[in-house]
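Letter by letter, the chains look like this.
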Amino acid sequence: MRPISFLSLLILTALTLQGCSGGLFSSRAPVTLTEEWATDNTLRTPESVVFDRERNVLYVSNINQVSKDRKDGDGFISRLNPNGDVDQLYWVSGLNDPKGLALYNNILYVADMDEIIAIATQTGAVLARHKADKAQMLNDVTIDNAGNVYVSDSQRGTIYLFRNGRVSQWLDTKRERPNGLLYDNNRLIVASNNTGKVRFLDIERQDFTDWTDKIPSADGITRVGADGTLVSNWNGEIYYVDINGRNWKILDTKNKKINTADIFYSEEQGLLYVPTFYDNRVIAYRVAF
């Protein structure tokens, strides 16, 4: 056997480090995903999912026909059982292009084009429709500990704030197109779907700090474990990001044409829920550390 040259050793080391921290697929990722179940395909362009631990159900936003510039009223919210069975396909109907979901005090908040919809989780009744002035494509929703609701507008490049019954434009992100939002320890984690950057946003100072990048079409964000975060690429990838910003690709379904939209991890169940958009399903993956 010929000895490995010093140059070959350097190249091998660089490739190994790149596979571990540069966002490439790596078997050394801190977590792995194994498919647990998948719904049938009766969902219609599912974009976001959230688990309601109080009622032990999942809520899924269905865009249905993607309308973008017009309100078609064919969007709806489905309710699923924790084993993936569809409990109520049309739990709430009459929405337009519902996307991001977030829960707070028995209210489900939904980003729907230019409105933030508030829905009572006990009954499914629409409590209010809060208009976001000049909004074009409200996308993701996150809520802080005080109940302040932050909503991204990926078309306008802005983040709206719903507080004390009023919606206001909270931040202009300039050339960014913010998609995924996640409240995390007095800051926001913001994923930009045009730059692939995922950054920290200081709520008080409203300034960004770089964290991780190279995640194309960055979409959903969810915390996993003590220090981990999962970020989806809408086209069909999921990345694990550690506290230092190193990322590993842990799922790739692009070749199967299975999208990965606004994901949600349930710590109680140890499951990651993935809406597959044009694939019309929600897939649950067991997360192993």
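Rules and cut-offs
Residues numbered from 1 in each chain as written. Predicted model: local features only at pLDDT ≥ 70, side-chain atom pairs only at ≥ 80, totals over all residues. Heavy atoms only, no water. 1 Å grid on protein atoms, 1.4 Å probe; cavity = no way out; pocket = protein on both sides within 12 Å on 5 of 7 lines; lining within 4 Å. Points joined across faces, edges and corners; volume = space filled by probe spheres on them. Helix = DSSP H or I, 4+ residues; strand = E, 2+ residues; numbered from the N terminus. Nonpolar A, V, L, I, M, F, W, Y, C, P; charged D, E, K, R; others polar. Pairing = 2+ DSSP bridges. Axes fitted to C-alpha atoms, helices over the stretch in contact; angles between N-to-C directions. Core = buried A, V, L, I, M, F, W, Y, C linked by side-chain atoms within 4.5 Å. Buried < 20%, exposed > 50% of the residue type's maximum accessible area, 1.4 Å probe, protein only. Contact = heavy atoms within 4.5 Å. Phe/Tyr/Trp six-rings, centres within 6.5 Å; stacked < 30°, edge-to-face > 60°. Lys NZ or Arg CZ within 6 Å of the ring centre and 35° of its normal.

Caption draft 1: Representation of the layout of surface pockets within the structure. Put simply, the largest pocket is a space of about 970 Å³. Lining the largest pocket are 38 residues, and of these Val50, Arg53, Leu103, Leu182 and Phe264 lie nearest its centre. The element contributing the most residues to the lining of the largest pocket is strand E3 (residues 46-52), with 5 residues. A class-by-class count of the residues in the lining of the largest pocket yields 18 nonpolar, 9 polar and 11 charged. Size it by volume and the second largest pocket reaches roughly 550 Å³. Around the second largest pocket sit 21 residues that line it, and Lys68, Lys99, Met137, Asn139 and Asn193 are the ones nearest its centre. Here the residues of the lining of the second largest pocket are counted per class, giving 7 nonpolar, 7 polar and 7 charged.

Caption draft 2: Geometry of the sheet that holds strand E12 (residues 149-153). Taking strand neighbours across the sheet as the criterion, the 4 strands line up as E11-E12-E13-E14 in an open arrangement whose pairing is antiparallel. This sheet does not close on itself; its edge strands, each paired only once, are strand E11 (138-143) and strand E14 (166-172). Between one strand axis and the next, the sheet turns by 25° as a mean value, whatever way the strands run. Bridge count between E12 and strand E13 (residues 158-163): 5 bridges; the pairing is antiparallel.

Caption draft 3: Up close: the nonpolar core. Ranked by internal contacts, the top residues of the largest apolar core, which has 18 residues, are Leu33, Leu230, Ile238, Ile250 and Leu272. Put simply, the parts of the chain that give this core at least two residues each are strand E21 (237-241), strand E22 (247-252), strand E24 (271-275) and strand E25 (282-288). Those residues in contact with Leu230 that lie beyond four places of it in its chain are Val31, Gly220, Ile221, Thr222, Val224, Ile238, Tyr239, Tyr240, Ile250, Ile263 and Leu272. Counting 15 residues, the second largest nonpolar core, distinct from the first, contains Val141, Val149, Val151 and Phe162.

Caption draft 4: Seen up close, the packing of aromatic side chains. Under the defined criterion, the tally for this structure stands at 10 aromatic pairs. Aromatic pair Tyr59 and Trp91: ring centres 4.8 Å apart, planes at 20°, arrangement stacked. Taken together, the positions of Tyr59 in strand E4 (residues 57-62) and Trp91 in strand E6 (residues 86-95) put the pair 32 residues apart, joining distant regions of the chain. Across the pair, exposure class does not vary: Tyr59 and Trp91 are buried alike. Of the aromatic side chains, those joined through ring pairs into one cluster are Trp234, Phe277 and Tyr278. The aromatic ring of Phe200 is capped on one face by Arg187, whose charged end is 3.6 Å from the ring centroid. Its end group placed over the ring of Phe208, Arg199 keeps NZ or CZ at 3.9 Å from the ring centre.

Caption draft 5: View of the environment of Ala226. Mapped onto the elements, Ala226 comes out in the loop between strand E19 (218-224) and strand E20 (228-233). Expressed as a C-alpha distance, the spacing of Ala226 and Ile243, which sit 17 residues apart in the sequence, is 9.4 Å.

Caption draft 6: Looking closely at the environment of Gly245. As for its position among the elements, Gly245 is in the loop between E21 and E22. On a C-alpha basis, the gap between Gly245 and Gly228 in space is 9.6 Å, while along the polypeptide they are 17 residues apart.

Caption draft 7: The sheet that holds E4, seen in detail. Here we have 4 strands laid out as an open sheet, ordered E3-E4-E5-E6, and antiparallel in their pairing. Of all the strands in the sheet, just E3 and E6 have a single pairing partner and so form its edges. Adjacent strand axes in the sheet meet at a mean angle of 20° when their direction is disregarded. Where E4 lies against strand E5 (residues 75-80), 5 bridges are found, and the strand directions are antiparallel. Residue pairing across strands places Ser61 opposite Ile77, the latter belonging to E5.

Caption draft 8: Quick look at the pairing of E11. With 6 of 6 residues buried, E11 lies mostly within the body of the structure. Here E11 runs beside E12; their pairing, made up of 4 bridges, is antiparallel. Residue pairing for E12: Val141 is matched across the bridge by Val151. Hairpin connection from E11 to E12: 5 residues lie between these consecutive antiparallel strands, with Gly147 at a positive phi of about 90°.

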